[in-house]
Amino acid sequence: MNNKISYLLNTVRCVHRYSSVLTPKSSATTRKHILWIGRCRDPLGNVNFRKLLLNILPSLHGSSLRFVSQKTDVYSTGAEALVSEKASQSSLEVEKLDDAGSFKAKRAVDHSDPFFTSLQKCSCPCDALDLAAEAAVSTKHYTNALTMAWRLYKNLSEEQQRYERQLIFEHLAFVKLCQQLLRDARRVTRGDLVFSLHALVNLGVPQNTLLLQTLVRVCQEKLNQLDNRCISVLATTLAGMDKDKNVSALQAGLQLLVEQRISSIRDIFILQNLMKCLGKDAPVFLKKKLEMAVLREIDGLTFPNALRMFLALAAMNYCSLPILNPCSKKIQENVHDVPFRQLILILEACHTVQYRNVKLFSALADYIHSTAYLWDKRQIILFLSSCETLGFQPTELLDIFAEKVTEDPDFLNLKNLLTVLRVYSRLNHVPRVQKHLFFEILHSCLNKCLPQISNIELLKAVYLLGILGYLPQRALDELLQKDSKDELVLPDDPKEQNTMMLLCVKTCMELDSPSFTKPAFVPTENMSSVVSLNLRKAQEALIELLGDENMFLQNVQLPYRYHIDFEIRMDSDRKKVLPINATDDHPDSRVQRLAFLFAPASAFCLGTTHPQGKLAMKKRHLNKLGYHVILIQNKKFQEMKNEDAVEFLKRKIYSEDAFSFSEATVQNNN
């Protein structure tokens, strides 16, 4: 069967290649029919093809090209020499094709040439190569055919690209094109040079081939002659290449050239490509220069520019609020035009540069929620996972996704199950309706995965459910069996994360058990009378409010490895704060205990006072131990004036809300 298919493919290729030249007939339809016949082999696995690319034109291994050999160092007189002269204007004009950073070229060519007329009629990459095989008579013909092949290739689906890539690499015209380009590398125009390099890299030609190394080296020599648009194409190409000696030398020269020309660049698109190319290793002063260059043109910001700007800043690992804020506003205004993949990239970029914009995240989440019927459940999981990474809680979307899970749980394989558990546990979200059914379904899915689940995955799953206050009994029993056999103690656990998760599970087993009763007395240990600097203001405010340090405890260590910042004890009527010594001498179950937890902003969901999973679990367990827990965002507290801080704590201590604690607030999903 394989021989017959191979014979059929070869026959189709031969028929196609000998078809009419100046009026090429598209073979796209034929390929669509044979595309699904079988899997295509990787053309780079062909030894002969790789040898050809690595050794094109052995006669050219003379003195003029030996510095780009695989086994020699980069020939360069220093990066400064690359930018010693003013660049001349190029005859190549570049236009942006789409939002993905692709280009098309307007070349100064003779439009009466029938070759270029026929080239515009090509409908697939091999059409362009067929035309080059029969009608190309100059290097410009070959380079234009290569660029056209790349333009047509990038518009194909991923499956079609795999197939067309094989056809391209096996095409005789492609081999001849590579030979011609290597021979004339120093004679081609600047535009043809950068566009050819761009096309070859994106078509997947190996970077360590003589052809690509030669083109990179020639780009070094002609760097000063490139105009801003050609530099943009080159920057985009380098951003997709691995670092080697030639690429690094070219990138260093490009960086120096950008420093000189940045004041003359007025196109945001070009600036974005330069930002991606220079990357996070660019010096801070250059990042600031690029930021100022973008801000000069910010009034002309378009929606596609706004989308790309997130990725450009993420590539530099640089957070610029003056740029990101207007970009966020532009995206919010056009949120319905944002492709789903772009939504994920935006959220990932925000995480990379540590940019937090609740309005932007809410707009994206509302859009996904309002169009939830359009998205696959796996897509919603991916979006929720990105939100969880940012600490953002899209409440309505989490609720509607929980409904989808209860309606159709079959899509929950082990990977998706662990992702769902991680999202809901970290964001401390329990569905408003059918919460028990939701947890039962997750429990059932976990039970189905038990035969193939690893020890660590089992521990994570039970731990995440434990954070939510739910104990999966069957999985828990299996986990304890493995623990008794020391199968959970792994050598590759330097931070003892597995140990901490296991201790947390055991704490949940005891405190979240329905049979657990509030103890009449909880042993405490005052760790130290010295508080950390970030709690000094709270200590001073409590002294001013209560009048004496003996009226509260600080740095209190409790059972189960829990720690509280300050503890205050009050009478049963909640009118009076009692001295610590008096209550220690005469323990009374009617004494009200207040636990103050000054938590960082990262312990709460973004833009809210809703505690995230671990802090919520700690609060739940302290409630079980008899404490009324008061959560305070320490950053906001530190920003208060002293008198405002005292008044704030007074309201927290004597307010009825501080004691509106009931069994309903002690979340226990068992």
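Residues numbered from 1 in each chain as written. Predicted model: local features only at pLDDT ≥ 70, side-chain atom pairs only at ≥ 80, totals over all residues. Heavy atoms only, no water.

Visitor: Please set out the overall build of the chain residue by residue, giving values where relevant.
Guide: Looking only at helices and strands, one finds 30 helices and eight strands in the chain. Taking as baseline every contact in the chain between residues at least 6 positions apart, the subset at least 24 positions apart corresponds to 76%. Of the roughly 31,900 Å² of accessible surface on the chain, 51% is carried by carbon and sulfur atoms. (Helix = DSSP H or I, 4+ residues; strand = E, 2+ residues; numbered from the N terminus. Contact = heavy atoms within 4.5 Å. Areas by Shrake-Rupley, 256 points an atom, 1.4 Å probe, with all protein chains shown as cover.)

Visitor: Lay out unusual backbone geometry in plain terms, naming residues and giving numbers.
Guide: The residue Asn-317 is not glycine, and still its phi comes out positive at about 55°. Considering the arrangement of structural elements, one finds Asn-317 in the loop between helix H15 (303-316) and helix H16 (321-333). For Gln-354, which is not glycine, the phi torsion reads 60° and is therefore positive. With respect to the helices and strands, Gln-354 occurs in the loop between helix H17 (340-353) and helix H18 (358-370).

Visitor: Which residues make up the nonpolar core, and what values do they have?
Guide: Counting residues in hydrophobic clusters, the biggest one holds 181 residues, and the most contacted among them are Phe-174, Phe-310, Ile-331 and Phe-383. Among the elements that line this core, the one with the most residues is H15, at nine residues. Contact partners of Phe-383, with chain neighbours within four places excluded, come to Phe-340, Ile-344, Leu-347, Leu-364, Ala-365, Ile-368 and Leu-397. If you look at the next biggest cluster of nonpolar residues, it comprises 23 residues, including Met-551, Phe-552, Val-646 and Leu-649. (Core = buried A, V, L, I, M, F, W, Y, C linked by side-chain atoms within 4.5 Å. Buried < 20%, exposed > 50% of the residue type's maximum accessible area, 1.4 Å probe, protein only.)

Visitor: Could you give an account of helix H19 (residues 377-390), naming the residues involved and the relevant values?
Guide: Given 3.6 residues to a turn, an α-helix orients residues that are three or four positions apart in the same direction. For H19, built from 14 residues, the straight-helix expectation of 20 Å at 1.5 Å per residue is met to within 8% by its first-to-last C-alpha distance of 20 Å. In terms of burial, H19 is largely enclosed, as 10 of its 14 residues are buried. Against the buried residues of H19 lie H17, H18, helix H20 (395-407) and helix H21 (414-426). Here H19 starts with a cap whose side-chain oxygen sits 2.8 Å from the backbone nitrogen of Arg-378, and that cap is Asp-376. (Expected span 1.5 Å × (residues − 1). Polar contact = N/O pair within 3.5 Å; in protein donor to acceptor, adjacent residues only side chain to side chain.)

Visitor: Tell me about a negative patch on the surface, and name the residues and values.
Guide: A cluster of acidic residues, Glu-544, Glu-643, Asp-644 and Glu-647, forms a negative patch on the protein surface. When residues in the negative patch are grouped by element, the largest group, three residues, is from helix H30 (residues 642-654). By secondary structure assignment, the location of Glu-647 is in helix H30. (Patch = residues over 30% accessible without salt bridge, like charges linked within 9 Å, V, L, I, M, F, W, Y side chains within 5 Å. Salt bridge = Lys/Arg side-chain N within 4 Å of Asp/Glu carboxyl O. Lys, Arg positive; Asp, Glu negative; His and termini not counted. Charge placed at Lys NZ, Arg CZ, Asp CG, Glu CD.)

Visitor: Describe the pattern of salt bridges, listing the residues and the values that go with them.
Guide: Enumeration according to the criterion identifies 16 salt bridges in this entry. Put simply, Arg-162 and Glu-158 hold a salt bridge, and the shortest N to O gap is 3.5 Å. Residue Arg-162 and its partner Glu-158 are located together in helix H7 (residues 158-170), separated by four residues, close to a single helical turn. According to the relative accessible area criterion, Arg-162 is partly exposed, its value standing at 38%. Several salt bridges converge on common partners, so that one network encompasses Glu-158, Glu-159 and Arg-162.

Visitor: Describe the pairing of strand S7 (residues 592-599), naming the residues involved and giving the relevant values.
Guide: Most of S7 sits inside the fold, with eight of its eight residues counted as buried. Here S7 shows no split at all, with Gln-592, Leu-594, Phe-596 and Phe-598 on one side and Arg-593, Ala-595, Leu-597 and Ala-599 on the other all buried. Relative to strand S8 (residues 627-633), S7 is paired through seven bridges, and the arrangement is parallel. Looking at S8, one finds that Ala-599 is bridged to Gln-633. With helix H28 (residues 613-624) bridging S7 and its parallel neighbour S8, the resulting β-α-β unit is right-handed. (Pairing = 2+ DSSP bridges. Right-handed = clockwise from strand over helix to strand, strands pointing away.)

Visitor: Give a detailed account of the packing of aromatic side chains, specifying residues and quantitative values.
Guide: Tallied over the full model, the rule gives 15 aromatic pairs. Each ring, one from Tyr-367 and one from Trp-375, has its centre 6.2 Å from the other, and the planes form 80°; the classification is edge-to-face. Among the residues examined, Tyr-367 registers a relative accessible area of 9% and is labelled buried. When the ring of Phe-438 is compared with that of Phe-439, the centres are 5.7 Å apart and the planes differ by 65°; the resulting orientation is edge-to-face. For the residue pair Phe-438 and Phe-439, the accessibility class agrees, reading buried in each case. Taken together through their ring pairs, the aromatic side chains of Phe-552, Phe-566, Phe-598, Phe-637 and Phe-648 make up a single cluster. (Phe/Tyr/Trp six-rings, centres within 6.5 Å; stacked < 30°, edge-to-face > 60°.)

Visitor: Describe helix H24 (residues 473-484), and please don't skip the residues or the numbers.
Guide: Taking 1.5 Å per residue, 12 residues should reach 16 Å; H24 reaches 16 Å between its end C-alpha atoms and fits that length. Among all positions of H24, only Ala-475, Leu-476, Leu-479, Lys-482 and Asp-483 are buried. End-on, the buried residues of H24 take up no more than an arc of 120°, which puts them together on one face. Away from its buried face, by an angle of more than 90 degrees, H24 presents the exposed residues Gln-481 and Ser-484. Next to the buried residues of H24 lie helix H22 (435-449), helix H23 (455-467) and helix H25 (497-511). (Arc of directions from axis to C-beta.)

Visitor: Report on the packing of H21 against H22, specifying residues and quantitative values.
Guide: Packing of H21 against H22 leaves a shortest axis separation of 10 Å and a crossing angle of 140°. Between H21 and H22 lies a crossing whose hand is left-handed. In contact with Leu-414, Leu-417, Val-420, Leu-421 and Tyr-424 of H21, H22 contributes Phe-438, Leu-442, Cys-445, Leu-446 and Cys-449. (Axes fitted to C-alpha atoms, helices over the stretch in contact; angles between N-to-C directions. Left-handed = near helix turned anticlockwise from the far one by under 90°.)

Visitor: I'd love a proper account of the environment of Ile-346, names of residues and values included.
Guide: Along the chain, Ile-346 turns up in helix H17. In the structure, Ile-346 is positioned 15 residues away from Ile-331 in sequence and 9.9 Å away in space, judged by C-alpha atoms. In this structure, Ile-346 is in contact with Leu-307, Phe-310, Ile-331, Val-338, Leu-360 and Leu-364, ignoring residues within four places of it in sequence.

Visitor: Describe in detail the environment of Pro-579, supporting the description with residues and values.
Guide: With respect to the element layout, Pro-579 can be found in the loop between strand S6 (577-578) and helix H27 (580-585). Each C-alpha atom of the pair Pro-579 and Arg-569 lies 7.4 Å from the other, and the pair is 10 residues apart in sequence. The residues contacting Pro-579, other than those within four sequence positions of it, are Asn-550 and Met-551.

Visitor: Could you give an account of the state of the cysteines, with specific residues and numbers?
Guide: Per the stated rule, a full pass over the model turns up zero disulfides. Here Cys-504 stays unpaired: no disulfide links it, and the sulfur of Cys-508, its closest cysteine neighbor, is 4.2 Å away. Here Cys-504 falls in the buried class, since its relative accessible area comes to 11%. (Disulfide = S-S within 2.5 Å.)

Visitor: Now, about the packing of H15 against H17: what can you tell me, with residues and values included?
Guide: The contact between H15 and H17 brings their axes to 9 Å, and the two run at 35°. In this structure, H15 crosses over H17, and the sense of that crossing is left-handed. Across the interface between the two elements, Leu-307, Phe-310, Leu-311, Leu-313 and Ala-314 of H15 pack against Gln-342, Leu-345, Ile-346, Ala-349, Cys-350, Thr-352 and Val-353 of H17. Class assignment of the residues belonging to the contact of H15 with H17 gives a composition of 10 nonpolar, two polar and no charged. (Nonpolar A, V, L, I, M, F, W, Y, C, P; charged D, E, K, R; others polar.)

Visitor: Help me get a handle on the pairing of strand S5 (residues 563-570), residues and values and all.
Guide: Extensive coverage of S5 is indicated by the burial of seven of its eight residues. The pairing of strand S4 (residues 553-557) with S5 spans four bridges and is classified as antiparallel. Note on S5: the bridge partner recorded for Gln-557 is His-563. In this antiparallel pair of consecutive strands, S5 and S6, the connection spans six residues, and Arg-574 shows a positive phi of 60°.

Visitor: Before we move on, can you summarise the side chain of Gln-251 with the specific residues and values?
Guide: Among the secondary structure elements, Gln-251 is positioned in helix H12 (residues 245-261). The exposure class of Gln-251 is buried, given its relative accessible area of 10%. If sequence neighbours within four positions are ignored, Gln-251 has contacts with Leu-238, Lys-243, Cys-277 and Leu-278.

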